[in-house]
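A structural walkthrough
Chain by chain, the residues run as shown.
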Amino acid sequence: MKGTKAHLSIIITNYNKPPEQVNECVESVLNQTIPAKEVFLIDDHSNKAISHDRIISVILPENLGPSKARNFGASISTGKLLLFVDADDKLPWDFVEKCGEKLPEADIVYPNLIIFGETTKHPYLKKLPNQVSEKYILSKASCVPVTSMMKRSIYERVGGFREFPIYEDWDFYIRAFRAGAIFKKANTHLMYRQAHNNRMNQPLSLIHI
């Protein structure tokens, strides 16, 4: 399988992230052992919009928010598989390969997390459970990241991301679970950046599921 392209669309969404972080994210996506069929950078009308000459870059004419920006990226993509990436996160070199190994038996494949950034002095590993149960996916402890590889069929069955100010990915996974999606964990991790102004630091009461 190495040396071939996955039938995968990777959709990176950016809003006001520093250019160096966006570039690190893009480079981590392009340096995979198994490259994607196509890679998009969707800039959600940042104050200083960012494009990248090695991938398909789209600058939205107005700020749509993360849900609509991801849904837009999915709508112009063609891969049978989808992977959404926030522009300040990074993938290890084997992320696509390791997630792809689990996809024959799953609809959604999620990684462990390595947390880094402003909120922690040292990066640390956060292990996710090997199985996603209804109790886990509905709990506040649930942290399946948006950067989980999925079949386009489950994305379309659920209807994409709904428009919430925060936790839109959590809402998506709850609806996917209820729609019968099979979740599997891959033997890899996501480099997940946490900043002081992270949307996920907002109160849980802002979303109603």
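Heads up: the structure comes first, above all this text.
Described in the following lines is the structure provided in the data block. Computed from a predicted model, the values in this text were never measured in an experiment.

**Observations regarding the overall build of the protein**
- Secondary structure assignment for the protein yields 6 helices and 8 strands.
- For 209 residues, the compact-globule estimate of 2.2 N^0.38 gives 17 Å, and the C-alpha radius of gyration of the protein, at 16 Å, lies within 12% of that figure.
- Dimensions of the protein along its principal axes, counting C-alpha atoms only, are 45 × 40 × 35 Å.
- Burial statistics for the protein: of 209 residues in total, 53% are counted as buried.

**Structural notes on the environment of Thr33**
- Residue placement: Thr33 occurs in the loop between α1 (19-30) and β2 (36-43).
- On the basis of relative accessible area, Thr33 is assigned to the partly exposed category, the value being 23%.
- C-alpha separation for the pair Thr33 and Leu81, spaced 48 residues apart in sequence, amounts to 17 Å.
- Here the side chain of Thr33 touches Glu97 through a polar contact of 2.6 Å, side chain to side chain.

**Some remarks on the side chain of Ser46**
- As for its placement among the helices and strands, Ser46 is situated in the loop between β2 and β3 (56-59).
- Beyond its immediate stretch of four places on either side in the chain, Ser46 contacts Asn14, Tyr15 and Asn16.

**Here's the deal with the state of the cysteines**
- Counted under the stated rule, the structure contains 0 disulfides.
- No disulfide involves Cys25; its nearest neighbouring cysteine sulfur is the one of Cys99, lying 14 Å away.

**Some words on the packing of aromatic side chains**
- Overall, the coordinates contain 9 aromatic pairs when judged by the stated rule.
- Measuring from ring centre to ring centre gives 6.3 Å for Tyr155 and Phe161, while their planes differ by 55°; the resulting arrangement is tilted.
- According to the relative accessible area criterion, Phe161 is buried, its value standing at 5%.
- In this structure an aromatic cluster arises from ring pairing among Phe84, Tyr155, Phe161, Phe172, Tyr173, Phe177 and Phe183.
- Lying across the ring of Phe161, Arg70 places its NZ or CZ 5.3 Å from the centre.

**Remarks on the nonpolar core**
- With 62 residues, the main nonpolar core has Leu8, Ile10, Ile12, Phe84, Ile108 and Met150 as its most contacted residues.
- Residues contacting Ile12, with those up to four places away along its chain left out, are Cys25, Val26, Val29, Val39, Phe40, Leu41, Ile42, Ile55, Val85 and Ala87.

**A look at the pattern of salt bridges**
- Under the definition given, this model contains 10 salt bridges.
- Note that Arg70 is salt-bridged to Asp86, the shortest N-O span being 3.1 Å. In this pair, Arg70 is assigned in helix α2 (residues 66-76) and Asp86 in strand β4 (residues 81-86), connecting sequence segments 16 residues apart.
- Among the residues examined, Asp86 registers a relative accessible area of 19% and is labelled buried.
- Close ionic contact of Asp171 with Arg162 constitutes a salt bridge, the shortest N to O distance being 2.6 Å.
- On the basis of relative accessibility, which here comes to 37%, the residue Arg162 falls in the partly exposed class.
- Overlapping salt bridges bring together Glu24, Lys90 and Arg193 as one network.

**A word on α2**
- Residues of α2 that are buried include every one of Ser67, Ala69, Arg70, Gly73 and Ala74, and no others.
- Check the buried side of α2 and you find it contacts β1 (6-14), β2, β4, α5 (152-158) and α6 (168-178).

Reading the values: the criteria
- Residues numbered from 1 in each chain as written.
- Predicted model: local features only at pLDDT ≥ 70, side-chain atom pairs only at ≥ 80, totals over all residues.
- Heavy atoms only, no water.
- Helix = DSSP H or I, 4+ residues; strand = E, 2+ residues; numbered from the N terminus.
- Rg over C-alpha atoms; globule rule 2.2 N^0.38 Å.
- Buried < 20%, exposed > 50% of the residue type's maximum accessible area, 1.4 Å probe, protein only.
- Polar contact = N/O pair within 3.5 Å; in protein donor to acceptor, adjacent residues only side chain to side chain.
- Contact = heavy atoms within 4.5 Å.
- Disulfide = S-S within 2.5 Å.
- Phe/Tyr/Trp six-rings, centres within 6.5 Å; stacked < 30°, edge-to-face > 60°.
- Lys NZ or Arg CZ within 6 Å of the ring centre and 35° of its normal.
- Core = buried A, V, L, I, M, F, W, Y, C linked by side-chain atoms within 4.5 Å.
- Salt bridge = Lys/Arg side-chain N within 4 Å of Asp/Glu carboxyl O.

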